[in-house]
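Listed below are the residues making up each chain.
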There are 2 protein chains.
Amino acid sequence: MTSQAIGYIDSGIGGITVAREALRQLPHEVVYYVGDTARMPYGPRPKEEVLKYTWEMVDFLVKKDIKMLVIACNTATAAALPDLRAKLDIPVIGVIAPGVRGALRATNNKKIGVIATAGTVKSEAYAKALEHKDNAVRVSQLACPEFVQIVEANQSDSPAAATLIADKLAYFADKDIDTLVLGCTHFPLLDQTIGKVMGEKVTLVNSGAVAIENVSAMLDELNISNSDPINRAKDEYYTTGDVTAFHTLASRWLNNDDLNVQHLAMTSTGLKLED
Amino acid sequence: MTSQAIGYIDSGIGGITVAREALRQLPHEVVYYVGDTARMPYGPRPKEEVLKYTWEMVDFLVKKDIKMLVIACNTATAAALPDLRAKLDIPVIGVIAPGVRGALRATNNKKIGVIATAGTVKSEAYAKALEHKDNAVRVSQLACPEFVQIVEANQSDSPAAATLIADKLAYFADKDIDTLVLGCTHFPLLDQTIGKVMGEKVTLVNSGAVAIENVSAMLDELNISNSDPINRAKDEYYTTGDVTAFHTLASRWLNNDDLNVQHLAMTSTGLKLED
């Protein structure tokens, strides 16, 4: 039973940073990943739409008998986590609460920056959760939707991207933050550039990496770690968008060319594997 | 209801490093701490004895209506966690599983060192749990009971302590580790010296700090965070040993002179507050 996969969902390729952390921290655990690349980005969409698309991905994975679900997308976590938790009988882990916990562990001066999509910033999910845990914390938020496009266009290493990132993050110059939450799962793919701009006194918090610690804790608590790592099944990746483009990006970020990527069609009855 | 305290137990003063992390990461949450200083160290004691002493501390705290229990001691976690989990109806968090998760998050080369008491090393709790999660991990363990005595004797900053620590840790010189788990809650009080000896390429994992992330996650999952932080009750500290000595050390490590420390008598019916 416990050899079942853990499911990961994202609006596109960003959640691959969370899957990457899972493969690194929990290599015995099988990854099933769905990226809704055809309908990304979720950031500017209304909450109801994000909720609907998220459920389509979840329904597909639940039929594949996953033992746990990770919402590897901040926008979908903000929009759908309570609903998914209420209706699913498997554990559901989002990325916002782990990001909050990682930030509170990292900060010394209690001044915390958050970069995210417009949707996540508007929801104030990070600011509310941080202040709920510690009302002395001061949060500075900045929407950086351009960063998502840089990653999805495979432009992370371009000089133009570095300039744009430096220009955007200049916002934090007078904020005295010692911790910056990467509040979108795309952003760890830009962590070297972001780290250089922010300087070594600012700790970057990868919400996805902390979320995988949370997954690991849940596997312990429920005693559902993979009991047969020797016969570990192969990981499976699905995208609603272009398979080749997804394969190119995911292979690069996971440093693995041998990925099993398949296309999902968007139908009136949900996401379906194409014959 | 949720303004109840979280209980912390340790064989002595070491668990103060875990309480310190709780006060830093979760300042709204009230700390009740019991240190069994009169019977420390637990490291060399038989498991049955550690179990008995641990239950005496737990029984005292449960009567004080704690909402969660943190075993802020690796030796007691190794000896008593399953029994406490089975018999208590509040969540119980140990420090070993969090230390394991923190190490797997930190390591890149999968060569992990663990320093702990003789009891924890002998139990192989860390090595077993690390290999359970990732069978490519290589673990090097070293018992450092002397480090506990250095801390309890308030000698952390002495030149003799620095020499002893460097001599002991020379064991890891040819082990190529990139991560060192501080597998005893006393050891974060020596982290600057240990960090200097190990060099900047080795990440030190403070199991207690990760354990508090776990506490934070559990508060979220069960929705039992303190709902009235404005009227937060005062923390309470108890020791079976000398109150003045405990106060001196705890005040220093918590950077707070205004601690409420009381003595607990060891009686045939358990630990009792003295009149």
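Now for a quick tour of the structure.

The rules we used
Residues numbered from 1 in each chain as written. Chains lettered and ligands numbered in written order. Predicted model: local features only at pLDDT ≥ 70, side-chain atom pairs only at ≥ 80, totals over all residues. Heavy atoms only, no water. Helix = DSSP H or I, 4+ residues; strand = E, 2+ residues; numbered from the N terminus. Polar contact = N/O pair within 3.5 Å; in protein donor to acceptor, adjacent residues only side chain to side chain. Contact = heavy atoms within 4.5 Å. Phe/Tyr/Trp six-rings, centres within 6.5 Å; stacked < 30°, edge-to-face > 60°. Buried < 20%, exposed > 50% of the residue type's maximum accessible area, 1.4 Å probe, protein only. Lys NZ or Arg CZ within 6 Å of the ring centre and 35° of its normal. Buried area = accessible area lost by both parts, 1.4 Å probe. Salt bridge = Lys/Arg side-chain N within 4 Å of Asp/Glu carboxyl O.

1. With respect to the side chain of K67 of chain A
Residue and element names in this part refer to chain A.
Here comes step 1: Looking at where K67 falls in the secondary structure, it is placed in the loop between α2 (47–63) and β3 (68–71).
Here comes step 2: A distance of 2.7 Å separates the side chain of K67 from the side chain of E29, its partner in a polar contact.
Here comes step 3: A distance of 2.7 Å separates a polar side-chain atom of K67 from the backbone oxygen of I224.
Here comes step 4: Excluding its chain neighbours within four sequence positions, the residues that come into contact with K67 are T2, Q4, A5, I6, E29, I90, P91, L219, I224, S225 and N226.

2. Re the packing of aromatic side chains
Here comes step 1: Counted by the stated rule, this structure contains 12 aromatic pairs over all chains.
Here comes step 2: Centroid distance Y33 of chain A to Y237 of chain A: 6.0 Å. Interplanar angle 40°. Geometry classified as tilted. Linking Y33 of chain A in strand β2 (residues 31–35) with Y237 of chain A in strand β9 (residues 236–239), this pair joins segments that are 204 residues apart in sequence. Here the two residues Y33 of chain A and Y237 of chain A agree in accessibility, since each one is buried.
Here comes step 3: Within the aromatic cluster, the residues linked to one another by ring pairs are Y33, Y237 and F246 of chain A.
Here comes step 4: Its end group placed over the ring of Y53 of chain A, R39 of chain A keeps NZ or CZ at 3.8 Å from the ring centre.
Here comes step 5: When the ring centre of Y171 of chain B is taken as origin, the NZ or CZ atom of K175 of chain B, which lies over that ring, is 4.1 Å away.

3. A short note on the interface of chain A and chain B
Here comes step 1: Listed as interface residues are 31 residues of chain A and, on the opposing side, 31 residues of chain B.
Here comes step 2: For chain A, the biggest contributors to the area lost against chain B are R24, R105 and K133 of chain A; these three give 25% of the whole.
Here comes step 3: Where chain A meets chain B, there are 6 salt bridges.
Here comes step 4: A salt bridge links R105 of chain A to E213 of chain B; the shortest N-O distance between them is 2.8 Å.
Here comes step 5: Along the contact surface separating chain A from chain B lie 16 residue pairs in polar contact (both at pLDDT 80 or more).
Here comes step 6: Taken together, the elements giving at least two residues each to the side of chain A that touches chain B come down to α1 (16–25), α4 (96–106), α6 (125–133) and α10 (207–222) of chain A.
Here comes step 7: Examining the composition of the side of chain A that touches chain B, we find that 10 residues originate from one element, α10 of chain A, more than from any other.

Shape is all these values report; function is a separate question.
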